[in-house]
Amino acid sequence: MSENRSLTLLSVGHACVDVYQGAVAALVPFFVAERALSYAAASGIVLAASLLSSVVQPLFGALTDRWAMPWLLPLSALTAGAGVALSGVVGSYPLTLAVVAVSGIGVAAYHPEAARAARALTPVGNRGMGWFALGGNVGFALAPLLVAAVIATGGLDASPLLAVPAVAGAALCAAAVRGSRPDPADGPRAAGPGRDDWPSGPGRDDWPSFLRLSGAVVCRSVVFVGLSAFVSSYVRERTGGGDVSGTAALCVLYAGGALGTVAGGRLADRYGRLTVVRGAYALTVLAVAGVVLAPGPTVYVFVALTSAGLYVPFSLHVTLGQDYLPGRVGTASGVTLGLTVSVGGLAAPALGALADATSLRTALLPLVVLPALGGLLLRGLTEPTPATRPRLPVR
């Protein structure tokens, strides 16, 4: 099977897994409506999906630096889906937190190995990783529609139907892993995420630059998770359009990833990764301010601009991190693609508590400042030398 076909399967599998990251936020309004949860309690569900994921993601990254674990991809897809599928039918708030946390662990286990495999398939340029990241962003974008179709018609009791993408994702990831094994006729340098003879990346690990990049991604993550959790309720409140208006806003926030991620790879190949990333953070400052302050339906325009600002640098964070740590590609992937994204969920309860004490609009105001802080962290960073195909340990 060609590398392009394997990457396509991996990207679509990524979409099936990341449905469950988007689904947790999309379920929040339904938990509020059907279980009469406060904003703080509802945001605790987002935290549950993020907390264990934040803790274990670097562990999975370190493991993939030592051993190739392609079997982890289908298993983690099924785990991510099982937790969300059970969230609507378990009988208590603590059990809801527990099963959503299990889903978060599945997502955490998936990303380091998947990102390592994707980079192995497309070591040159930024577009390949952009296509892989696009799959995840499409999954995010489809999550509100999937949740609305299932839960709005059948209530939370219908949540087991949300397991369907997990089964599809597990099958696709398994096919990608099988198909990427090199044909002996291709010679000793045949490519695929199961090879153990690729050279390691050039240069030494640049931890100071990597940590500054990670700090910027954390800022981006808090903005993204905060808006994911509350933009639906906020837009419904601002426009008076009911459930449809809120779901539409969340779809706009997620759908921008489809264009933003691919555009980010193309722009980076032309202008450089750091130039594009810094510009995206500057755009996000203005766009989030518009979301918070713009009147009426114009909020959708600023949600779309915010989506572009958040997603254009998404895959570039991953390749920059991998190139700052060429000797620890799995760890870099686990942090930039997973840990720093999951850490954003830790801020959700604080935002929810602030919303309960004041208003949703007041709670969203801090999100204007964070992209500016991220931009400051990125200043002074230099473009790292692109890593070659990551070296994989013998299984």
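These numbers come from a predicted model, not from an experiment.

Caption draft 1: Highlighting the pattern of salt bridges. Taken as a whole, this structure holds 3 salt bridges when the rule is applied. Across the pair Asp205 and Arg328 runs a salt bridge, and its minimum N-O distance is 2.3 Å. Taken together, the positions of Asp205 in the loop between α6 (164-179) and α7 (207-239) and Arg328 in the loop between α11 (314-324) and α12 (329-343) put the pair 123 residues apart, joining distant regions of the chain. Among the residues examined, Arg328 registers a relative accessible area of 37% and is labelled partly exposed. For Asp323, the salt bridge goes to Arg273, with nearest N and O atoms at 2.8 Å. You can see Asp323 sitting in helix α11 and its partner Arg273 sitting in helix α9 (residues 273-293), a full 50 residues away along the chain. Relative accessible area serves as the criterion here: at 4%, Asp323 is assigned to the buried category. One salt-bridge network, held together by shared partners, links Arg273, Asp323 and Glu383.

Caption draft 2: Structural view of the packing of aromatic side chains. Considering all chains together, one arrives at 3 aromatic pairs under this definition. Note on Trp207 and Phe210: the rings are 5.8 Å apart at their centroids and 90° apart in plane angle, and the pair reads as edge-to-face. Of this pair, Trp207 and Phe210 are both found in helix α7, 3 residues apart, which corresponds to roughly one turn of the helix. Among the residues examined, Trp207 registers a relative accessible area of 34% and is labelled partly exposed. Put simply, the rings of Phe224, Tyr311 and Phe314 pair up and form one aromatic cluster. The ring of Tyr311 has Arg220 lying over it, and the distance from NZ or CZ to the ring centre is 5.5 Å.

Reading guide: rules and limits
- Residues numbered from 1 in each chain as written.
- Predicted model: local features only at pLDDT ≥ 70, side-chain atom pairs only at ≥ 80, totals over all residues.
- Heavy atoms only, no water.
- Salt bridge = Lys/Arg side-chain N within 4 Å of Asp/Glu carboxyl O.
- Helix = DSSP H or I, 4+ residues; strand = E, 2+ residues; numbered from the N terminus.
- Buried < 20%, exposed > 50% of the residue type's maximum accessible area, 1.4 Å probe, protein only.
- Phe/Tyr/Trp six-rings, centres within 6.5 Å; stacked < 30°, edge-to-face > 60°.
- Lys NZ or Arg CZ within 6 Å of the ring centre and 35° of its normal.

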